[in-house]
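# Notes for the structure review
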Amino acid sequence: MGRSGKKTSTTLRPKRSLSSSDAREQLPSLVKDACAVTTPAKSLATHAVEIGPYNRGGAWLVPAADAQAAIERQESLLEQVAELEELIEDLTAASVIAARSRTPPEKWETLDGFAAELGLVDVLEEARAELQ
Amino acid sequence: MGYPVLLHPAVREHDLPTLGVEEGLGDEERLELRKELVRQLARIGAEPRLGRAMRYRRGYEILADCHSLPFDLSERKGKHRFRIVYKIDPSMEAVDRSLIYAVGPRGPKLAAYRRARKRRQQQDWP
């Protein structure tokens, strides 16, 4: 039997789950435990305590160290994505530039000619005047 | 007067007709986008070293002196969706002449955009 193409999602939950009233009673010790975490875990769920009515969750109490680390991970990933996007952009552009660089110089058009073809000479002149 | 700016003929013939189409822009917005493009080209003519210098690596030496200048509708907030790809002409007789190679969407969308353009060319749309 082959695997179906449908992806299954798993919801990550903290090991510890409390009702709202239990969490209210235990809040000082929960905060104390959270403050004691100085080395962040790889996952936000590791040290988190799930709080919600009837132990059904809905809110997480997370140590600041873990939250800070998660924010830093996200920022780092966003930077990596931006770098990869730039890389893809550059590599894609390289093929376009290579193909178009074969066009002889006399076939290229001037900016004035380009604007005239588009009927945007006034826009070009206005922009040039602003830049001076 | 500034520095000379030359555009590859495909910019007007192939890039412009599809500029903003995939992004769902209406006719008025696409006209405004073209105006913004002309304004940005005027900026390049005044100062050729605008935008991000493209990083060339082994096998991609053609990207030397190339820049990517993002642009978008002037009122739009957020990351600019389009870019101008140009090269500062490296030849001695053309100091600071900018060669505009392409105008299109930023980032990895370019591949899809190019496919759409190819389809359009194949079908000979108006």
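Computed from a prediction, not measured in an experiment: that's the story for all the values here. (Residues numbered from 1 in each chain as written. Chains lettered and ligands numbered in written order. Predicted model: local features only at pLDDT ≥ 70, side-chain atom pairs only at ≥ 80, totals over all residues.)

### Comments concerning the overall build of chain B
Counting its secondary structure elements, chain B contains 3 helices and 5 strands. Going from the N terminus to the C terminus, chain B shows its helices and strands as β-α-α-β-β-β-β-α. For chain B, buried positions account for 37% of its 126 residues. Residue pairs at least 24 apart in sequence account for 47% of intrachain contacts in chain B once pairs closer than 6 positions are excluded. (Helix = DSSP H or I, 4+ residues; strand = E, 2+ residues; numbered from the N terminus. Buried ≥ 20, exposed ≤ 12 C-beta atoms within 10 Å, placed from the backbone. Contact = placed C-beta atoms within 7 Å.)

### Focus: the environment of L63 of chain B
Secondary-structure assignment places L63 of chain B in the loop between β2 (52–53) and β3 (66–71). In the structure, L63 of chain B is positioned 14 residues away from K77 of chain B in sequence and 29 Å away in space, judged by C-alpha atoms. Here L63 of chain B is in contact with D90 and A94 of chain A together with M54 and Y56 of chain B, once residues within four sequence places are set aside.

### Looking at the sheet that holds strand β1 (residues 16–18) of chain A
Residues and elements named next belong to chain A. Taken in spatial order, the 3 strands of this open sheet run β1-β2-β3, and their pairing is mixed. Two strands lie at the open edges of the sheet, namely β1 and β3 (59–61), each paired on one side alone. Geometrically, the sheet is characterised by an average inter-axis angle of 30 degrees between neighbouring strands, direction not taken into account. (Pairing = 2+ DSSP bridges. Axes fitted to C-alpha atoms, helices over the stretch in contact; angles between N-to-C directions.)

### Some remarks on the pairing of strand β5 (residues 98–105) of chain B
Along any regular strand, the residues point their side chains to alternate faces of the sheet. All names here are of chain B. By the criterion of burial, β5 is predominantly enclosed, with 8 of the 8 residues buried. Here strand β4 (residues 82–88) pairs with β5 via 7 bridges, running antiparallel. From the neighbouring strand, Y86 faces β5, where its bridge partner is I100.

### Concerning the confidence of the model for chain B
Residue and element names in this part refer to chain B. The predicted model of chain B averages 84 in pLDDT, with 83% of residues at 70 or higher. Long-range and interchain partners of residues 119–126, a stretch whose pLDDT sits below 50, account for 2 contacts in this model, where long-range means more than four residues apart. Reported for the predicted complex are a pTM of 0.75 and an ipTM of 0.83. (pLDDT = per-residue confidence, 0-100.)

### What about the nonpolar core?
A general trend in soluble globular proteins is that nonpolar side chains are found buried together. Among the nonpolar cores identified, the biggest contains 31 residues, and L41, V85, Y86 and I100 of chain B are the most heavily contacted of them. Those elements giving two or more residues to this core turn out to be α2 (64–100), α3 (111–118) and α4 (121–131) of chain A together with β1 (5–7), α2 (27–46), β3, β4 and β5 of chain B. Among the elements that line this core, the one with the most residues is α2 of chain B, at 6 residues. Counting contributing residues per domain, this core is built from domain 1 (16–100) and domain 2 (105–132) of chain A, each supplying no fewer than three. Leaving out residues up to four positions away in the same chain, L41 of chain B has contacts with L111 of chain A together with V5 and I100 of chain B. (Core = buried A, V, L, I, M, F, W, Y, C linked by C-beta atoms within 7 Å. Domains from an automatic or database assignment.)

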